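Residues per chain are reported as follows:
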Amino acid sequence: MQFKNTLEFARELDAEDKLSSYRDQFIFPQHEGENVIYFTGNSLGLQPKSAKKYVDEIMTDWANLAVEGHFYAEKPWWDYHERFSAKLAKVVGAKPAEVTVMNTLTVNLHLLMVSFYRPKGKRYKIICEEKAFPSDQYMISSQVRFHGYDPEDAIVEIKRREGENNFRTEDIFAKIKEVGEECALVLIGGVNYYTGQVLEMETITKAGHDIGAFVGWDLAHAAGNIELNLSEWNVDFAAWCSYKYMNSGPGNASGCFINEKYHNQKDIPRFEGWWGHSKERRFLMEPEFQPEDGADAWQISNAPVLALAPYLASLEMFEEVGMPALIEKRNRIVAYLEFVLHEIDKEVDSSFEIITPAKQEERGTQLSVFLHGEGRELFNYLMKNGVITDWREPNVIRLAPAPFYCSFEDMFQFGQILKKGILEKSK
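It should be emphasised that the depicted structure is a prediction, and the values quoted were computed from it without experimental measurement.

### Quick look at helix α4 (residues 85-92)
At step 1: By the criterion of burial, α4 is predominantly enclosed, with 6 of the 8 residues buried.
At step 2: If you check which residues of α4 are buried, you get Ser-85, Lys-87, Leu-88, Ala-89, Val-91 and Val-92.
At step 3: Contact partners of the buried residues in α4: β6 (99-102), β11 (237-240), α10 (305-321) and α11 (323-347).
At step 4: At the C-terminal side of α4, Gly-93 shows a positive phi close to 70°.

### With respect to a nonpolar patch on the surface
At step 1: Judged by side-chain polarity, Phe-71, Tyr-72, Trp-274, Phe-283 and Met-285 come together as a nonpolar surface patch covering roughly 560 Å² of accessible area.
At step 2: Relative to the assigned elements, Tyr-72 resides in helix α3 (residues 69-72).
At step 3: Looking at Tyr-72, the relative accessible area reads 59%, which means it is exposed.

### Observations regarding the sheet that holds β6
At step 1: As summarised here, the arrangement of the 7 strands in space is β6-β12-β11-β10-β9-β7-β8, forming an open sheet in which the pairing is mixed. Where the open sheet ends on each side, the last strands, each with one partner, are β6 and β8 (155-158). Each neighbouring strand pair of the sheet contributes to a mean axis angle of 20°, computed without reference to strand direction.
At step 2: Pairing between strand β7 (residues 125-129) and β8: 4 bridges, direction parallel. In the sheet register, Glu-129 faces β8, and the bridge partner there is Ile-158.
At step 3: Packing of α4 onto the sheet brings it into contact with β6 and β11, and relative to β6 it is tilted by some 110°.

### What to know about the nonpolar core
At step 1: One finds Trp-217, Trp-240, Tyr-336, Leu-341 and Phe-414 to be the most contacted residues of the largest nonpolar core, which totals 106 residues.
At step 2: Here this core gets 11 residues from one element, more than from any other, and that element is α11.
At step 3: Here this core gathers at least three residues from each of two domains, domain 1 (7-48 + 322-426) and domain 2 (79-321).
At step 4: Those residues in contact with Tyr-336 that sit more than four places away from it in its chain are Phe-3, Lys-4, Asn-5, Thr-6, Phe-9, Ala-10, Leu-13, Phe-408, Met-411 and Phe-412.
At step 5: Membership of the second largest hydrophobic core comes to 31 residues, among which are Met-113, Leu-187, Cys-256 and Ala-297.

### Quick look at the pairing of strand β13 (residues 351-354)
Moving residue by residue along a regular strand, the side chains alternate between the two faces of the sheet.
At step 1: Burial of β13 is one-sided: the residues Phe-352 and Ile-354 facing one way are buried, the residues Ser-351 and Glu-353 facing the other way are not.
At step 2: Taken together, the 4 bridges between β13 and strand β14 (residues 367-372) define a ladder with antiparallel strand orientation. Residue pairing for β14: Phe-352 is matched across the bridge by Leu-371.

### Thoughts on the packing of aromatic side chains
At step 1: Summed over all chains, the structure comprises 28 aromatic pairs.
At step 2: With 4.9 Å between their ring centres and 10° between their planes, Tyr-124 and Tyr-149 make a pair best called stacked. Of this pair, Tyr-124 sits in the loop between α5 (105-116) and β7 while Tyr-149 sits in the loop between α6 (134-146) and α7 (151-154), and the two are 25 residues apart along the sequence.
At step 3: Residue Tyr-124 is classed as buried on the basis of its relative accessible area, which comes to 12%.
At step 4: The exposure class of Tyr-149 is partly exposed, given its relative accessible area of 24%.
At step 5: Each residue in the set Tyr-22, Phe-26, Phe-28, Tyr-38, Phe-318, Phe-404 and Tyr-405 is aromatic and connected to the rest through ring pairs, giving one cluster.

### Describing the UniProt feature "binding site: pyridoxal 5'-phosphate" (unreviewed entry) in the protein chain
At step 1: With numbering aligned to this structure, UniProt lists the feature "binding site: pyridoxal 5'-phosphate" (unreviewed entry) at Leu-105, Thr-106, Phe-133, Pro-134, Ser-135, Asp-136, Asp-218, His-221, Tyr-243, Trp-274 and Asn-302. Annotated residues spanning 198 residues; largest pairwise C-alpha distance 31.6 Å, indicating distribution over more than one region.
At step 2: Structurally, the position occupied by Trp-274 is in the loop between β12 (254-258) and α10.
At step 3: When its relative accessible area of 35% is taken as the criterion, Trp-274 is described as partly exposed.
At step 4: Ignoring any residue separated from it by four or fewer positions in sequence, one finds Trp-274 in contact with Arg-282, Phe-283, Met-285, Ile-300 and Asn-302.
At step 5: Apart from residues lying up to four places away in sequence, Asn-302 is in contact with His-70, Trp-274 and Trp-275.

### As for the packing of helix α2 (residues 50-65) against α10
At step 1: Put simply, α2 and α10 touch, their axes get as near as 8 Å, and they point 140° apart. Relative to α10, α2 is oriented oblique. Crossing angle aside, the handedness with which α2 passes α10 is right-handed. Every residue of α10 that contacts α2 at Ser-50, Ala-51, Tyr-54, Val-55, Ile-58 and Met-59 is listed here: Val-305, Leu-306, Ala-309, Pro-310, Leu-312, Ala-313 and Glu-316.
At step 2: Tallied by class, the residues present in the contact of α2 with α10 amount to 11 nonpolar, 1 polar and 1 charged.

How each quantity is defined
- Residues numbered from 1 in each chain as written.
- Predicted model: local features only at pLDDT ≥ 70, side-chain atom pairs only at ≥ 80, totals over all residues.
- Heavy atoms only, no water.
- Buried < 20%, exposed > 50% of the residue type's maximum accessible area, 1.4 Å probe, protein only.
- Helix = DSSP H or I, 4+ residues; strand = E, 2+ residues; numbered from the N terminus.
- Contact = heavy atoms within 4.5 Å.
- Patch = residues over 30% accessible without salt bridge, like charges linked within 9 Å, V, L, I, M, F, W, Y side chains within 5 Å.
- Areas by Shrake-Rupley, 256 points an atom, 1.4 Å probe, with all protein chains shown as cover.
- Salt bridge = Lys/Arg side-chain N within 4 Å of Asp/Glu carboxyl O.
- Pairing = 2+ DSSP bridges.
- Axes fitted to C-alpha atoms, helices over the stretch in contact; angles between N-to-C directions.
- Core = buried A, V, L, I, M, F, W, Y, C linked by side-chain atoms within 4.5 Å.
- Domains from an automatic or database assignment.
- Phe/Tyr/Trp six-rings, centres within 6.5 Å; stacked < 30°, edge-to-face > 60°.
- UniProt positions renumbered as here; feature names shortened; annotations may be inferred.
- Parallel < 35°, antiparallel > 145°, perpendicular 65-115°, else oblique.
- Left-handed = near helix turned anticlockwise from the far one by under 90°.
- Nonpolar A, V, L, I, M, F, W, Y, C, P; charged D, E, K, R; others polar.

Rendered as structure tokens:
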């Protein structure tokens, strides 16, 4: 399609958008009485209007039933988390038994490393990407120290080439092969938080397995954003947060994937608690742990249902729409945003370098833009004029037009505000 940087054309695209009605199912912050242009679904998704209803259901059941709500609420609390497995499995490309929801992301990565980082002899190193999201860096460093290793020795970082913004798959393969039998675990972010680059998870997983290592993925920026096929790719484990593209609310619960080949293994190390105990026997209060079937065996405590309620509300929409439709709109709206940026670039003295890969298969919803000739003042201008975006040092704004609630008109209007901000600054 030949794009046009006009309001009329953007509205034509919105009229053709099969998902346009879902925009009205979210609550937008307001700027001068109008919805903001919201580009930070890669940090915190907007609130679904249905979220309050789901939370209120639990509050009402708590008021009316108290402890009996565990068993007699319309959605009983004791199995509330079971409503997630089938829906989440479709989002991440897994079997329902391989998926559970519990805790928060970094907590779950720590718990999963109990099972999948088992250093022994010369096999003790972890391969990760350089400048991973800081929480991953802290988590991995603390894990290797816990096992008695020096992070400077035990952590091997895959680096970008000098002058390049993104990782090359061949460099990842080369590093995995180089570490070889010393590698215990490959643990990488599936979508890089800074550039938005989507890594080749299937082939990287195979490369890790070829050297005898476990392979896990942090899918914080991938779940609800890109196509995932964790079972088919033979991934060992993965975890993701729910508050970005999955719109569950700030700091909310994390999803986990554990490949079915590790289910019901009696000798697998795992931190355990009573919610991972056999559901049928849980209230017998037996002294010996009897694991639940599937990923639920990794659960420890009973589900925080008030936190899970908004997540379930959002997942209902994912179930209704499906990832293929979301990805179809994502591709189109990101391409239009990219076009608008290039058009505005022609009209101002500054230049924008999109450091996210140009190939569709190597990116998701996010475009990271280096603002040559501009600084944080432009970011501040955007924020003051109803554009909610994200700043990363040294001079990058991250733009993530979530397909559930962002419109093509948003992309056009953003371009106009961006141009005005640059021109006003140059006067």
